[in-house]
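Coordinate inspection notes
What follows is each chain in one-letter form.
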Amino acid sequence: MAHAPLHSAAESGIGVKLLMAGVAVVVSAQFWSAVPMAGAIALVAWGTVLNVSQRRELLILAALIYTPLGILAVMSEVDLAMDASLAWAVLAGLDAAAAITLLYHLACRTGDLLARG
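**Some details on the overall build of the protein chain**
Counting secondary structure elements, the protein chain contains four helices and zero strands. Shown N-terminal to C-terminal, the secondary structure of the protein chain runs as helices and strands in the order α-α-α-α. Counting only C-alpha atoms and orienting by the principal axes, one finds that the protein chain spans roughly 55 × 25 × 20 Å. Expressed as a percentage of the 117 residues in the protein chain, the buried residues total 32%. Considering only contacts within the protein chain whose residues lie at least 6 apart along the sequence, 69% involve residues at least 24 apart. A total of about 7,100 Å² of accessible surface is found on the protein chain, and carbon and sulfur atoms cover 73% of it.

**Some points on the environment of Y104**
Turning to its location among the elements, Y104 is positioned in helix 4 (residues 86-116). Separated by 36 residues in sequence, Y104 and P68 have C-alpha atoms that sit 13 Å apart.

**Points about the environment of L61**
By the element assignment, L61 lies in helix 3 (residues 56-82). Overall, the relative accessible area of 43% leaves L61 in the partly exposed class. Between the alpha carbons of L61 and R109 there is a distance of 15 Å; along the sequence they are 48 residues apart.

**Looking at the packing of helix 2 (residues 38-52) against helix 4**
Relative orientation of the contacting elements helix 2 and helix 4 amounts to 20°, with a least axis distance of 8 Å. Judged on the interaxial angle alone, helix 4 and helix 2 are roughly parallel. The two elements helix 2 and helix 4 meet at a crossing, and its hand is left-handed. Here A38, G39, A42, L43, A45, W46, V49 and L50 of helix 2 come into contact with helix 4, specifically with D95, A99, L102, L103, H105, L106, R109 and T110. Across the contact of helix 2 with helix 4, the residue classes break down as eleven nonpolar, three polar and two charged.

**With respect to helix 4**
Taking 1.5 Å per residue, 31 residues should reach 45 Å; helix 4 reaches 45 Å between its end C-alpha atoms and fits that length. Residues of helix 4 that are buried include every one of W88, A92, D95, A96, A99, L103, L106, T110 and L113, and no others.

**What about a nonpolar patch on the surface?**
On the surface, V23, V27, F31 and W32 cluster together into a nonpolar patch covering about 480 Å² of accessible area. Mapping W32 onto the fold places it in the loop between helix 1 (9-31) and helix 2.

**A short note on the packing of helix 1 against helix 2**
Orientation of helix 1 relative to helix 2, taken along the N-to-C sense of each, is 155°, at an axis distance of 7 Å. Compared by their axis directions, helix 1 and helix 2 come out roughly antiparallel. Here helix 1 runs over helix 2; the crossing is left-handed. Residues E11, S12, I14, G15, V16, L18, L19, A21, G22, V23, V25 and V26 of helix 1 form the contact with helix 2, whose own contacting residues are A40, L43, V44, W46, G47, T48, L50 and N51. Each residue belonging to the contact of helix 1 with helix 2 can be placed in one class, and the counts come to 13 nonpolar, six polar and one charged.

Parameters at a glance
- Residues numbered from 1 in each chain as written.
- Predicted model: local features only at pLDDT ≥ 70, side-chain atom pairs only at ≥ 80, totals over all residues.
- Heavy atoms only, no water.
- Helix = DSSP H or I, 4+ residues; strand = E, 2+ residues; numbered from the N terminus.
- Buried < 20%, exposed > 50% of the residue type's maximum accessible area, 1.4 Å probe, protein only.
- Contact = heavy atoms within 4.5 Å.
- Areas by Shrake-Rupley, 256 points an atom, 1.4 Å probe, with all protein chains shown as cover.
- Axes fitted to C-alpha atoms, helices over the stretch in contact; angles between N-to-C directions.
- Parallel < 35°, antiparallel > 145°, perpendicular 65-115°, else oblique.
- Left-handed = near helix turned anticlockwise from the far one by under 90°.
- Nonpolar A, V, L, I, M, F, W, Y, C, P; charged D, E, K, R; others polar.
- Expected span 1.5 Å × (residues − 1).
- Patch = residues over 30% accessible without salt bridge, like charges linked within 9 Å, V, L, I, M, F, W, Y side chains within 5 Å.
- Salt bridge = Lys/Arg side-chain N within 4 Å of Asp/Glu carboxyl O.

Shown next, in the form of structure tokens:
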């Protein structure tokens, strides 16, 4: 049975854009501490996976790095939101929810790519 290619030039271009967007958010957080970063970490994880999906060992390494990083980012964001103003708590909650959703779909995609490999 033929499978679709694991990696395409279009995915690589999207991956670079996701990496750049995530890094831009992380850099902006250095200047403004109120910027939630869990979603940015999830974007960087997606960008990385789209760029390394051809190489199984790099895909596994990316999963090993971004899984605990994403979990820690979401946990710390939720913890900070519990003591913050309502507006910041809502923003942080939405960012954490987006990160959880992105990381869940990333885990599904990574599992699928590894199963094909």
